[in-house]
Amino acid sequence: MPVAAVLLAAGGSRRMGQTKQLLPIDGQPMVRRVAQTVCQAGLAQVVAVVGAEGERVARALADLDLEIVHNQAWQRGMRTAVRAGIEALRPEIEAALLVLADQPGLTLDALKALVEAYRATRAPIVAPYYQGRRGNPVLFARSLFADLGQVEGDQGGRALLVRYEQDVARVDLDDAAILLDVDTRQDYEGLCSEK
């Protein structure tokens, strides 16, 4: 059951005021830190979708075992990055994790738990939870790829989680990092102060 990851790294970081994918975490760009974790998960394919400052973000990912997709429509929101990433997946891919580039605390254990849950349940959606709250990344089966490509607005796969709520396999993790993404300068400074 080949599973892939689509790393969403195309956004313009309006709330941050600068391209957050490139902000340093422990001496390396945030997007590279996330991508390294994803590349260690033994997935069949990893696609990184870049957009805002795409060349710089792509350089930050140089030499990692992944494919770069340039989303020229990145200013129209996350849905365009999701669509670009899904369209780049090989035909044999049965499911894909949608991974946010601004989750520097993402762990290998979390990724493996989601993939294992998919392989055990074959659920069309597999989502991580921490203390009752849903986090990211979320895994979507190929049966929902067309739906992902049609999502409107700047919400990625969130609409499908509501529409197919009864089909979601829930994975409870003791990992608060699945709830943490870096949207604002305050988020980033808080993360850095914890180090």
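What counts and what doesn't
Along each chain, residue indices are assigned from 1 in the same order as the chain's sequence is written. A pLDDT threshold of at least 70 governs which residues receive local features in this predicted model, and a stricter bar of 80 or more applies before side-chain atom pairs are shown or counted, although totals over entire chains, interfaces and linings include all residues. Hydrogens and waters are ignored; side-chain quantities use all the structure's heavy atoms. Helix numbering and strand numbering both begin at the N terminus, where a helix is a DSSP run of H or I of at least 4 residues and a strand a DSSP run of E of at least 2. Buried means the residue's accessible area, taken with a 1.4 Å probe over protein chains only, is under 20% of the maximum for its type, while exposed means over 50%, and partly exposed covers the values in between. Contact between two residues is taken to exist if any of their heavy atoms lie within 4.5 Å; hydrogens are not considered. Each accessible area value is a Shrake-Rupley result obtained with a 1.4 Å probe; residue values ignore everything except the protein chains displayed when judging cover. Being paired, for any two strands, means DSSP has found at least two bridges between them. What makes a nonpolar core is a set of buried Ala, Val, Leu, Ile, Met, Phe, Trp, Tyr and Cys residues whose side-chain atoms join them at distances within 4.5 Å. Note: pLDDT gives the predictor's confidence per residue, expressed from 0 to 100.

J.: Is there a simple way to explain the overall build of the protein chain in this structure?
T.: Tallying secondary structure elements over the protein chain gives seven helices and 10 strands in all. Taken across its 195 residues, the protein chain has 53% of its residues classed as buried. Counted over contacts in the protein chain with a minimum sequence separation of 6, partners at least 24 positions apart contribute 71%. Accessible area of the protein chain: about 9100 Å², with a carbon and sulfur share of 45%.

J.: Any chance you could explain the pairing of strand β6 (residues 95–100) here in plain terms?
T.: Put simply, side chains in a regular strand alternate between the two faces of the sheet. For β6, a buried count of six out of six residues is recorded, marking the element as mostly surrounded by other parts of the structure. Burial along β6 is two-sided: A95, L97 and V99 and A96, L98 and L100, pointing in opposite directions, are all buried. Sheet analysis places strand β1 (residues 3–9) next to β6, joined by six bridges and oriented parallel. Within the sheet, the bridge partner assigned to A4 lies in β6 and is A96. Two strands pair when backbone bridges link them, and β6 and strand β9 (residues 138–141) are joined in this way by four bridges, in the antiparallel orientation. Its bridge partner lying in β9, L98 is registered against V138.

J.: So what exactly am I meant to see when it comes to helix α1 (residues 30–39) here?
T.: In an α-helix, one turn spans 3.6 residues, which is why side chains three or four residues apart end up on the same side. Taking burial as the measure, the 10 residues of α1 include eight buried ones, the bulk of the element. The complete set of buried residues in α1 reads M30, V31, R32, R33, V34, A35, T37 and V38.

J.: How do you make sense of the nonpolar core when you look at a structure like this?
T.: Side chains that are nonpolar tend, in soluble globular proteins, to be buried together. V38, L43, L97 and V126 are the most contacted members of the largest nonpolar core, which totals 40 residues. Top element by residues in this core is helix α4 (residues 108–121). It accounts for seven residues. If sequence neighbours within four positions are ignored, L97 has contacts with A4, A5, V6, L43, L111, L114, V115, P137, V138 and L139. Residues I93, A127, F140 and L144 belong to the second largest nonpolar core, which totals 26 residues.

J.: Would you mind going over the confidence of the model for the protein chain with me for this structure?
T.: Low pLDDT means the predicted atomic positions in that stretch should not be read closely. Of the residues in the protein chain, 87% have a pLDDT of 70 or more, and the chain-wide mean is 87. Ranking the elements of the protein chain by mean pLDDT puts helix α7 (residues 185–194) last with 64 and α4 first with 97.

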